Amino acid sequence: MSLEGYDTLVEEFKYLLEVEKPKTAQEKLVAAALGDRSENADYQAAKEKLRFIDKRLFYLNKMIQNAQVIDPSLHNHERVSFGSSVTLIDLDTDEEKVFTICGVLESEPENGLISVHSPLAKAMLGKEVGDDFKIKLPNGMKEYEIEAIAYKNIYSLKQNIRTKSDYAFH
């Protein structure tokens, strides 16, 4: 993943651990003080919210520990690699498409950001401008030619960037 992607994971982890979890734990304590916990909806809701936060913290911790951070700006992008924005020509339709190869958690296929593990990215890796390749897609074989390879910051292309308000459980 990119450095920005890693930083986003760490930011969410810290926010949940330092802000959201203590706030929810306090809500649970206040609700518990109101009496019978078995029929206390506020208590049950806070307890469930804490469970969701803990699950998300576990997931984020695992992703952070296993992250392989790559700075794509350090590559020359003469060949397709992580972080490359690749302009393809569909050899059947002459249609031009641009895809940027990024990490799994950074991908937005609908916006041209594809995971490095996707079949299309795997087919492009290591190729140069002018190279042709075929890929089997659900609707049949496609053949593409690489027209251009460039570097564009992955996060400048993202359209769905999560913020602190997205980290909170409502």
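Q: Which parts of the structure should I look at to understand the sheet that holds strand S4 (residues 132-137)?
A: Sheet strands line up and pair through hydrogen bonds in the backbone, either parallel or antiparallel. Taken together, the five strands give an open sheet; going across it, the order is S3-S2-S1-S5-S4, and neighbouring strands pair in mixed fashion. On the outer flanks of this sheet lie strand S3 (113-115) and S4, each paired with one strand and no other. Strand-to-strand twist in this sheet, taken as the mean axis angle between neighbours without regard to direction, amounts to 45°. Two elements, strand S2 (residues 96-102) and S3, share three bridges in a ladder whose sense is parallel. Paired with Cys 102 across the bridge in S3 is Ser 115.

Q: Please explain the packing of helix H1 (residues 3-32) against helix H2 (residues 41-66) as it appears in this structure.
A: Pairs of packed helices are described in terms of their axes, by the angle between the two and the distance that separates them. Running from N to C, H1 and H2 cross one another at 160°; their axes reach a closest spacing of 9 Å. Here H1 is positioned roughly antiparallel relative to H2, judged by the angle of their axes. Crossing of H1 over H2 shows left-handed handedness. A per-class count over the contact of H1 with H2 returns 17 nonpolar, two polar and ten charged.

Q: Please explain the packing of aromatic side chains as it appears in this structure.
A: Ring pairs (aromatic) are described by centroid distance and by the angle formed between their planes. The tally for this structure, following the rule as stated, stands at one aromatic pair. Judged by centre distance (5.8 Å) and plane angle (35°), the ring pair of Phe 133 and Tyr 144 falls under tilted. Pair noted here: Phe 133 is in strand S4 and Tyr 144 is in strand S5 (residues 140-151), with a separation of eleven residues, a long-range link. The exposure class of Phe 133 is buried, given its relative accessible area of 6%. A cation over an aromatic ring shows up here: Lys 158 above the ring of Tyr 155, its NZ or CZ 5.6 Å from the ring centre.

Q: Hey, could you run me through unusual backbone geometry in this one?
A: Residues apart from glycine generally show negative phi values, whereas peptide bonds are mostly found in trans. You will see that His 77, though not glycine, has its phi angle at about 60°, which is positive. Positioned with a positive phi, Asp 94 is a non-glycine residue whose angle comes to about 60°. One can find Asp 94 in the loop between strand S1 (84-90) and S2.

Q: Hey, could you run me through the environment of Asp 7 in this one?
A: Looking at the element boundaries, Asp 7 is found in helix H1. You can call Asp 7 partly exposed: its relative accessible area is 41%.

Q: Would you take a moment to explain the nonpolar core for this structure?
A: Across soluble globular proteins, nonpolar side chains show a tendency to be buried alongside one another. The biggest cluster of nonpolar side chains holds 21 residues, and the ones touching the most others in it are Leu 88, Leu 120, Met 124 and Phe 133. Per-element accounting of this core gives the leading share, four residues, to helix H3 (residues 119-124). Membership of the second largest hydrophobic core comes to eight residues, among which are Met 1, Ile 53, Leu 57 and Ile 64.

Q: Is there a simple way to think about H1 in this case?
A: Here H1 is 30 residues long and its end C-alpha atoms lie 42 Å apart, about the 44 Å a rise of 1.5 Å per residue gives. Maximal helix bending in H1 amounts to about 40°, located at Leu 16. Regarding H1, the residues found buried are Gly 5, Thr 8, Leu 9, Glu 12, Phe 13, Tyr 15, Leu 16, Glu 20, Thr 24, Ala 31 and Ala 32. Close packing links the buried residues of H1 with H2, helix H4 (154-157) and helix H5 (164-167).

Q: It is not clear to me how the pairing of S4 should be interpreted in this structure. Could you clarify?
A: Both faces of the sheet carry side chains from a regular strand, because those side chains alternate between them. In terms of strand pairing, S4 meets S5 through six bridges, oriented antiparallel. What sits directly across from Asp 132, in S5, is Glu 145. Taking the residues between adjacent antiparallel strands as the criterion, S4 and S5 are bridged by two residues.

Cut-off values and rules
Residues numbered from 1 in each chain as written. Predicted model: local features only at pLDDT ≥ 70, side-chain atom pairs only at ≥ 80, totals over all residues. Heavy atoms only, no water. Pairing = 2+ DSSP bridges. Helix = DSSP H or I, 4+ residues; strand = E, 2+ residues; numbered from the N terminus. Axes fitted to C-alpha atoms, helices over the stretch in contact; angles between N-to-C directions. Parallel < 35°, antiparallel > 145°, perpendicular 65-115°, else oblique. Left-handed = near helix turned anticlockwise from the far one by under 90°. Nonpolar A, V, L, I, M, F, W, Y, C, P; charged D, E, K, R; others polar. Phe/Tyr/Trp six-rings, centres within 6.5 Å; stacked < 30°, edge-to-face > 60°. Buried < 20%, exposed > 50% of the residue type's maximum accessible area, 1.4 Å probe, protein only. Lys NZ or Arg CZ within 6 Å of the ring centre and 35° of its normal. Core = buried A, V, L, I, M, F, W, Y, C linked by side-chain atoms within 4.5 Å. Expected span 1.5 Å × (residues − 1). Bend = angle between axes of the 7 residues up to and from the residue. Contact = heavy atoms within 4.5 Å.

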